[in-house]
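If you want the building blocks of each chain, they are given just below.
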Amino acid sequence: MGVVRRYYLHRATVSVGFITPVFTLFLLRTLSFPQVGALSALSATLVVLFEVPTGYVADRFGQRASLALGLACSVLSLAGFVVATSFWEFVVLYVLWALGLTFQSGSGDAWLYEVLDERGDSESFTRVRGRGGAVTRYVSVLGMVAGGALYGVDPTYPFVFALSLNALGVLVLATLPAVAADAESVGVSEALSVARTEFSKPPLRAFLVAVAAFLATTGVANTYVQPTVVDALGASGFADPGPVTLAGFSLAPGLALGVLYAAFTLVSAVAGQHAGWVGDAMGPWGAVVGVGALAATLLVVPVFVAQVALPAFVVMRAGRAVVQPVANGYVNDHVPSAGRATSLSAASMAYSLVRSPLALAAGAYAGLVGPTLTVASLGVLFLAVGGVLGVLAWRQSAAGPAVVS
């Protein structure tokens, strides 16, 4: 089996689709909206703290080892959700979860870019990365329907199945080729200096702000998909909602959400497969701001027409599937090989730095006005930021070289 196919198999095992459609509802069985928002903010803050150190671990000791550590942390965290009953127990699990995310975030893309570059095929990164993300989402489609059904039997069952799949992923990683640490590997401070230098230049500066705005607003909005959809479908309550009506059928909320999330994810998988085409056709800037503006506009509409929440979240999740590989491919093209994982982690850190206060504020806001208006406000926020960046980019483009290409 070729290395790219084994990479796709690896991407299949990192899916947490079993828990995705019911995760927020699971938390709301025990916690309040402000507590859920606080956990989301904590996760984003921890990602800020962990991103660069874990990126350095990948650069220094190998990206495959970093990926294995990340999956191991995810498995431990998922196991903890099976038994956790208090807010502070969830805090500990979020620490583990954040470690798992950061060990994998820069490492996976850096590993793939290096492997492709060794084969003289680095230009295919966005296409392969987009398809890898699509594989994760296709596996998640099946997991989401199963997880929604399992949630109705026992709320902890989706977590058991998710951790089993992630544990299998550690074994799959052993079949992937290791990328030797660069003989000219740089330290954390030097890698951060490279990242600061490159990120402050016009080709990346405005682009990273736009990506951060899109990923932060949609990432926080994603926390409120489940209660917003439950609200739109007419169920009563969030912690233990009654049956909902979907396509004329009365379904348990977990199963209904599983079906909906599967549909969301299927569209996202198709979108992710075409990330390379979108990036080529629209350019990195056009992909981020154009796709982001469409998604943000649709997030506002459910305030007036509740049922539009469903297609709005489809577009939002599909947009993230396109923007992530386009953004990472563009950053990869503008940073040197030595310290690549650290630089990518620094970019992820910047995104999380924006998301952290936004998540905390959104949690408090949702406790006052509800999830639907909170999601709409996040959409308005991105439209405002994206509009300003678009105007600045147009002015600089008219005056000379484009801000981003």
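Residues numbered from 1 in each chain as written. Predicted model: local features only at pLDDT ≥ 70, side-chain atom pairs only at ≥ 80, totals over all residues. Heavy atoms only, no water.

## Describing the overall build of the protein
Looking only at helices and strands, the protein has 15 helices and two strands in total. Split into buried and exposed, the 405 residues of the protein put 57% on the buried side. Element-wise, carbon and sulfur atoms account for 66% of the exposed surface of the protein, whose accessible area totals about 16000 Å². (Helix = DSSP H or I, 4+ residues; strand = E, 2+ residues; numbered from the N terminus. Buried < 20%, exposed > 50% of the residue type's maximum accessible area, 1.4 Å probe, protein only. Areas by Shrake-Rupley, 256 points an atom, 1.4 Å probe, with all protein chains shown as cover.)

## Here we look at the confidence of the model for the protein
Residue-level pLDDT values for the protein average 78, and 80% of them are 70 or greater. Counting interchain partners and residues more than four positions distant, the pLDDT-below-50 stretch residues 400-405 has 14 contacts. (pLDDT = per-residue confidence, 0-100. Contact = heavy atoms within 4.5 Å.)

## A short note on helix H3 (residues 33-61)
For H3, built from 29 residues, the straight-helix expectation of 42 Å at 1.5 Å per residue is met to within 8% by its first-to-last C-alpha distance of 40 Å. Largest kink in H3: about 40 degrees, centred on Phe50, with the proline Pro53 one to four residues after it. Just past H3, the residue Gly62 takes up positive phi, approximately 115 degrees. (Expected span 1.5 Å × (residues − 1). Bend = angle between axes of the 7 residues up to and from the residue.)

## Structural notes on the nonpolar core
Leu27, Leu78, Phe81, Phe90 and Phe313 are the most contacted members of the largest nonpolar core, which totals 56 residues. In contact with Phe81, other than residues within four places in its own chain, are Phe23, Phe26, Leu27, Phe90, Leu93, Tyr94 and Phe159. Grouped together as the second largest cluster of nonpolar side chains are 21 residues, Ala206, Val288, Phe382 and Leu389 included. (Core = buried A, V, L, I, M, F, W, Y, C linked by side-chain atoms within 4.5 Å.)

## A word on the packing of helix H4 (residues 63-83) against helix H7 (residues 157-173)
Packing of H4 against H7 leaves a shortest axis separation of 9 Å and a crossing angle of 165 degrees. Judged by the angle between their axes, H4 and H7 are roughly antiparallel. Here H4 runs over H7; the crossing is left-handed. Taken together, the residues of H7 that come into contact with H4 (itself represented by Arg64, Leu67, Ala68, Leu71, Ala72, Ser74, Val75, Leu78, Ala79, Phe81 and Val82) are Phe159, Val160, Ala162, Leu163, Asn166, Ala167, Gly169, Val170 and Leu173. Class assignment of the residues belonging to the contact of H4 with H7 gives a composition of 16 nonpolar, three polar and one charged. (Axes fitted to C-alpha atoms, helices over the stretch in contact; angles between N-to-C directions. Parallel < 35°, antiparallel > 145°, perpendicular 65-115°, else oblique. Left-handed = near helix turned anticlockwise from the far one by under 90°. Nonpolar A, V, L, I, M, F, W, Y, C, P; charged D, E, K, R; others polar.)

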